[in-house]
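# What the coordinates show
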Amino acid sequence: MSKKQYRIAVIPGDGIGKEVMPEGLRVLETAAKKHGVSLHFDHFDFSSWDYYEKHGQMMPDDWKEKIGKHDAIYFGAVGWPAKIPDHVSLWGSLIKFRREFDQYVNLRPVRLMPGVPCPLANRKPGDIDFWVVRENTEGEYSSVGGRMFPDTDREFVTQQTVMTRTGVDRILKFAFELAQSRPKKHLTSATKSNGISITMPYWDERVEAMAKKFPGVKWDKYHIDILTANFVLHPDWFDVVVGSNLFGDILSDLGPACTGTIGIAPSGNINPEGDFPSVFEPVHGSAPDIAGQGIANPIGAIWSGAMMLDHLGEKVAGKSIVDAIERTLAERTLRTKDLGGNADTTACGKAVADMVD
Ligand code: NAI
Ligand code: MG
């Protein structure tokens, strides 16, 4: 039981973001009530095409004052490509949160849930249960570089990977701490120090140095090529997998893809120190192809809410939601169309809320 009241900024965004968020809130409210957690929600309509249409920009100039003091941001999805180019909507909102709130951890669970058909043969719930931790601010995604001699035979382009000791060490520390908190206490590092001969050996060096501070954590490393193969062939080998921005990007899509539908995958963009709020959002986008029909799967949003509670330190309440999702999926009766069922978004959200205890 916690006495603190958490202030959450709620931003549904576009498309199915607006349909799944009410279900996420329903389940959060249920879990909060059952576990004596006090949540206060402030709702914002920016970071959406509707807002842009009215104001000519994705967010108000003072967006940072509006949401920067909240304990967390609960986000739906942004993007409406028929009306506004994706790079405008994304860079005008979500990417600003990630950069300006220094959310240097991108965190995604990879977990095979009961009753969800697994694209990998002969895998059952319990076989696949790990986390992908991606560095979210530097590495391969830098803006250092350029193009010279355009439109000539000498034309060339470069783009440099930037790894700072601060940037590498802080993501590794987060990953080792996560590994230490789990029963298997096992960390895997994604590398490519055989081919990328300066930055990746540096990454390996920092992993080794960090490992010394976590003597209770077993660790290993794989080159990214064989690591992707092992995600498919031996997903049971992993517990916490940490990678640079590019490698983490690939692994954080491959991992959840190995466990079924995109409709249930959650994620966190986290500033672990709490200097700024972290963003919790489903992995999926605004799905214009099904928006407005009330058939979107709300579980990605609901699970993101569970991750948010966990991040706030309300572990028991967070776990009660993940357990409820598991039980709802296992029962197979109230599932959405992407999982072969015929429940609508609201019915599925209510079913999960009913299962929370
Ligand atoms: P998407 O994730 O929106 O949809 C991909 C496919 O998965 C679609 O066929 C969709 O119907 C289906 N799908 C997605 N979520 C579902 C759910 N909850 N239940 C059932 N089916 C679901 O990706 P897409 O189509 O590439 O992008 C659409 C828009 O979303 C674009 O504007 C894109 O930029 C944006 N986007 C935003 C993200 C974010 O806000 N973090 C992430 C990914 C895309
Ligand atoms: Mg990606």
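Here the structure is a predicted model, which means the values were calculated and not measured.

## Some remarks on the overall build of the protein chain
Counting secondary structure elements, the protein chain contains twelve helices and twelve strands. A compact globule built from 357 residues should have a C-alpha radius of gyration of about 21 Å, and the protein chain, at 21 Å, falls within 12% of that. Dimensions along the principal axes, computed over C-alpha positions, put the protein chain at roughly 55 × 50 × 40 Å. The buried share of the protein chain, reckoned over its 357 residues, is 47%. Summarising the internal contacts of the protein chain: among those between residues at least 6 apart in sequence, 75% fall at separations of at least 24.

## Focus: the packing of helix α1 (residues 17–34) against helix α10 (residues 299–311)
Put simply, α1 and α10 touch, their axes get as near as 8 Å, and they point 40° apart. When the axes of α1 and α10 are compared, the pair comes out oblique. Relative to α10, α1 is oriented so that their crossing is right-handed. Here α1 contributes Val 20, Met 21, Glu 23, Gly 24, Val 27, Leu 28 and Ala 31 to the contact with α10, which in turn contributes Gly 300, Ala 301, Ile 302, Ser 304, Gly 305 and Leu 309. Grouping the amino acids of the contact of α1 with α10 by side-chain chemistry returns eight nonpolar, four polar and one charged.

## Re the UniProt feature "domain: Isopropylmalate dehydrogenase-like" (unreviewed entry) in the protein chain
The UniProt feature table records "domain: Isopropylmalate dehydrogenase-like" (unreviewed entry) at residues 7–352. As annotated, residues 7–352 has a helix share of 39% and a strand share of 19%, and its two end C-alpha atoms lie 23 Å apart.

## What about the environment of Pro 183?
Of note, Pro 183 is situated in the loop between α6 (165–180) and β8 (186–191). Separated by 56 residues in sequence, Pro 183 and Asp 239 have C-alpha atoms that sit 9.1 Å apart.

## Things to note about the nonpolar core
Counting residues in hydrophobic clusters, the biggest one holds 99 residues, and the most contacted among them are Val 133, Ala 175, Val 240 and Ile 325. The residue makeup of this core includes at least three contributed by each of domain 1 (1–102 + 275–357) and domain 2 (129–258). Not counting chain neighbours up to four residues away, the residues in contact with Ala 175 comprise Val 133, Leu 187, Val 240 and Val 242.

## Focus on the site of ligand 1
As a structural note, the neighbourhood of ligand 1 is formed by 22 residues, with Gly 79, Gly 263, His 284, Gly 285 and Asn 297 the closest of them. Of the residues belonging to the shell around ligand 1, the class tally is eleven nonpolar, seven polar and four charged.

## Section: the sheet that holds strand β11 (residues 266–270)
What the ten strands build is an open sheet, ordered β2-β1-β3-β12-β11-β4-β5-β10-β8-β9; its pairing is mixed. Edge positions in the sheet fall to β2 (38–43) and β9 (218–223), since each has one partner strand and no second. Within this sheet the neighbouring strands show an average axis-to-axis angle of 25°, counted without direction. Pairing geometry for strand β4 (residues 105–111) and strand β5 (residues 129–135), over seven bridges, is antiparallel. Across the sheet, the residue bridging to Arg 111 is Asp 129, located in β5. Helix α8 (residues 224–233) contacts β8 and β9 of the sheet and is inclined by roughly 110° relative to β9.

Rules of the game
Every chain is numbered independently, its residues counted from 1 as its sequence is written. Starting at A for chains and at 1 for ligands, labels are handed out in the order in which the entities are written. Owing to the predicted nature of the model, reporting of local features is limited to residues with pLDDT of at least 70; listing and counting of side-chain atom pairs is limited to 80 or more, with chain, interface and lining totals taken over all residues. Secondary structure follows DSSP: runs of H or I at least 4 residues long count as helices, runs of E at least 2 residues long count as strands, and numbering of each begins at the N terminus. C-alpha atoms define the radius of gyration in this analysis, and the globule rule sets the expected value at 2.2 Å times the number of residues to the power 0.38. Put simply, a residue is buried when 20 or more other C-beta atoms lie within 10 Å of its own C-beta and exposed when 12 or fewer do; between those, it is partly exposed, and each C-beta is set from the backbone. Residues are scored as being in contact if the C-beta atoms we place from backbone atoms lie within 7 Å. Axis lines are fitted to C-alpha atoms, over the contacting stretch for helices. Their N-to-C directions set the angle, which ranges from 0 to 180 degrees. Working definition: roughly parallel below 35 degrees, roughly antiparallel above 145 degrees, roughly perpendicular at 65 to 115 degrees, and oblique for all remaining angles. In this scheme the handedness of a crossing depends on how the near helix is turned from the far one: anticlockwise by less than a right angle means left-handed, clockwise means right-handed. Three residue categories are used. Nonpolar comprises Ala, Val, Leu, Ile, Met, Phe, Trp, Tyr, Cys and Pro, charged comprises Asp, Glu, Lys and Arg, and polar comprises the others, including Gly. UniProt positions are given in the numbering used here, feature names are shortened, and annotations may be inferred rather than shown by experiment. The nonpolar core criterion groups buried Ala, Val, Leu, Ile, Met, Phe, Trp, Tyr and Cys residues into a set whenever they are joined through C-beta atoms within 7 Å. All the domain ranges listed were derived from an automatic or database domain assignment. We call a residue near a molecule or strand if the C-beta atom, set from the backbone, is within 6 Å of it. A strand pair is defined by DSSP finding two or more bridges across the two strands.

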